[in-house]
Amino acid sequence: MKKRIFALCSALLLSLTVFAGCGSKPTEESATSEPEATATAAPTAEAESSAAESTAEPTEAPSTEPANVNLLTGLPTLTDGAIGKRPVAVMVNNVDAALPQYGISAADLIFELPVEYDLTRLMAVYGDYTQVPDVCSVRSCRYYYPILAVGFDAVYVHWGIDPTIATETINSMEIDHFDADYYGTGKYFGRDKDRINAGYAWEHTGVFYGTKVPEMLEDSNVRTDLKEDKMGTAFKFVEMDKNAAPSGEEAKNVRVDFGANYSTFSYDADKHVYMKNYQNKPHMDCKTNEQLQFENVIVLEADISLRPNDVDGHKLINWEGGENAKGYYISEGKMVPITWSKAGMYDPLKFFDANGNELQLNRGKSYIAFTYAGNCKVEG
């Protein structure tokens, strides 16, 4: 189900830029909320690994890592059937009228980036493709999300797509993806009836049946084995069973602004995690009744602008970073400045300390934000 890639051409183009069914009835989304694109991209055909896809050297999992290590968290939590298999990335709506979401507390990574009107959308990434829960509400693709997903060799799941640059990105990069606009409701995607009965707007009721992932991939003849250069851990982690606080300033409370939306975090010293809030309210998964929590909070400053002549307000985001791209690593109640880069479309994100050495992350779940410069505030 894949077409042959023409990544280099797409790379040149793109590099120029660069929270019901479980709660009370929400209000309707305001007129300033982003419109949903009606166009769709059909799944592309299977691609073979090629040297042109990645500028990074192939990596191998260190011999000290257990076979069942989750490559996204560094923790030995994979089921036997998920060892050596690809992760799954799912687009999630993140506006007031769509809350609360569900399926998100199980994610190993959550990305948050701005979309139209400086609202945000999440991408939840699951390291064990046999353990993906049902996820709601699922929303559409913006071009920078699949570029981030492919750095982990993830299968990408969304409901609709920006019909311009996002469609071009999906197709030219030959990304394995599943779009509800193509598949329709039924086997892999559906509508949450409880949400519909509670008065949610139609676009906030989309469900991805994550428990169907293994069947979905088999039925669609999509590769499940990780590519060779993605077999190591996604990040450089500290030693197993150890925690290391960054040697920086106190960071017990964190606020990440995106413009019209923001996320806040409060450090729980007993659990060694940051509890996430949607603005100033606990960011909850309404199926598990769990507040999102992360061992690592990573905030990346990026060049973000409006796309020229785009009346819908789509963003251009520099996902490449580079030597002077700044960010912050927050863990164990401390924060340290970092730099970051993503060498190419198919390459992973890399984080570096003040000396230029690759940053060591604490093992566990990570939240990663891309936002405007100066939009991360901490308090001791």
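Residues numbered from 1 in each chain as written. Predicted model: local features only at pLDDT ≥ 70, side-chain atom pairs only at ≥ 80, totals over all residues. Heavy atoms only, no water.

## Points about the pattern of salt bridges
Stage number 1. Inspection of the entire model under this criterion finds 18 salt bridges.
Stage number 2. For aspartate 118, the salt bridge identified is with lysine 315, shortest N-O distance 2.9 Å. Here the residue aspartate 118 occupies a position in the loop between strand S2 (109-114) and strand S3 (120-126), and lysine 315 occupies one in strand S20 (residues 315-317), the gap between them amounting to 197 residues. The pair formed by aspartate 118 and lysine 315 is uniform in burial state, with each residue classed as buried.
Stage number 3. Residues joined by salt bridges that share partners form a network here, namely Arg86, Asp153, Asp176 and Arg223. (Salt bridge = Lys/Arg side-chain N within 4 Å of Asp/Glu carboxyl O. Helix = DSSP H or I, 4+ residues; strand = E, 2+ residues; numbered from the N terminus. Buried < 20%, exposed > 50% of the residue type's maximum accessible area, 1.4 Å probe, protein only.)

## Observations concerning helix H3 (residues 165-172)
Stage number 1. Across the eight residues that make up H3, a large majority, six, are buried.
Stage number 2. Listing the buried residues of H3 in full gives Ile165, Ala166, Thr167, Thr169, Ile170 and Ser172.
Stage number 3. Phi turns positive one or two residues past the end of H3, at glutamate 174, with a value near 55°.

## Focus: the sheet that holds strand S8 (residues 206-208)
Stage number 1. Pairing within the open sheet is antiparallel, and its three strands lie in the order S4-S8-S7. The sheet is open, and its two edges are formed by strand S4 (135-136) and strand S7 (189-191), each paired on a single side.
Stage number 2. One ladder, built from three bridges, connects S7 with S8; its direction is antiparallel. What sits directly across from phenylalanine 189, in S8, is phenylalanine 208. (Pairing = 2+ DSSP bridges.)

## Some points on the environment of valine 254
Stage number 1. Within the secondary structure, valine 254 sits in strand S11 (residues 253-257).
Stage number 2. Between the C-alpha atom of valine 254 and that of isoleucine 330, which follows or precedes it by 76 residues, the distance is 8.8 Å.
Stage number 3. Leave out the neighbours within four places in its chain, and valine 254 touches Ser263, Thr264, Phe265, Tyr274, Ile330, Cys376, Lys377 and Val378. (Contact = heavy atoms within 4.5 Å.)

## Some details on the packing of aromatic side chains
Stage number 1. Scanning the entire structure with this criterion turns up 15 aromatic pairs.
Stage number 2. What links up through ring pairs into an aromatic cluster is the set Phe111, Phe152, Phe235, Phe237 and Phe351.
Stage number 3. The ring of tyrosine 200 carries the charged tip of arginine 195 above its face, separated from the ring centre by 4.7 Å.
Stage number 4. Arginine 255 extends its terminal NZ or CZ atom over the ring of tyrosine 262, reaching a point 3.7 Å from the ring centre. (Phe/Tyr/Trp six-rings, centres within 6.5 Å; stacked < 30°, edge-to-face > 60°. Lys NZ or Arg CZ within 6 Å of the ring centre and 35° of its normal.)

## Some thoughts on the environment of serine 137
Stage number 1. Note on placement: serine 137 falls in the loop between S4 and helix H2 (144-150).
Stage number 2. Judged by relative accessible area, which is 0%, serine 137 ranks as buried.
Stage number 3. For the pair serine 137 and arginine 191, spaced 54 residues apart in the sequence, the C-alpha separation amounts to 9.1 Å.
Stage number 4. Excluding residues within four positions of it along the chain, serine 137 makes contact with Met91, Val92, Asn93, Ala98, Gln101, Glu203, His204, Thr205 and Gly206.

## Describing the nonpolar core
Stage number 1. Residues Phe111, Met123, Tyr156, Phe235, Leu300, Phe351 and Phe370 are the most contacted members of the largest nonpolar core, which totals 52 residues.
Stage number 2. Among the elements that make up this core, the one with the highest residue count is H2 (six residues).
Stage number 3. Setting aside anything within four residues of it in sequence, one finds leucine 300 in contact with Lys326, Gly327, Ile338, Trp340, Leu349, Phe351, Ile368, Ala369, Phe370 and Thr371.
Stage number 4. Residues Ile104, Val256, Phe265 and Tyr328 belong to the second largest nonpolar core, which totals 44 residues. (Core = buried A, V, L, I, M, F, W, Y, C linked by side-chain atoms within 4.5 Å.)

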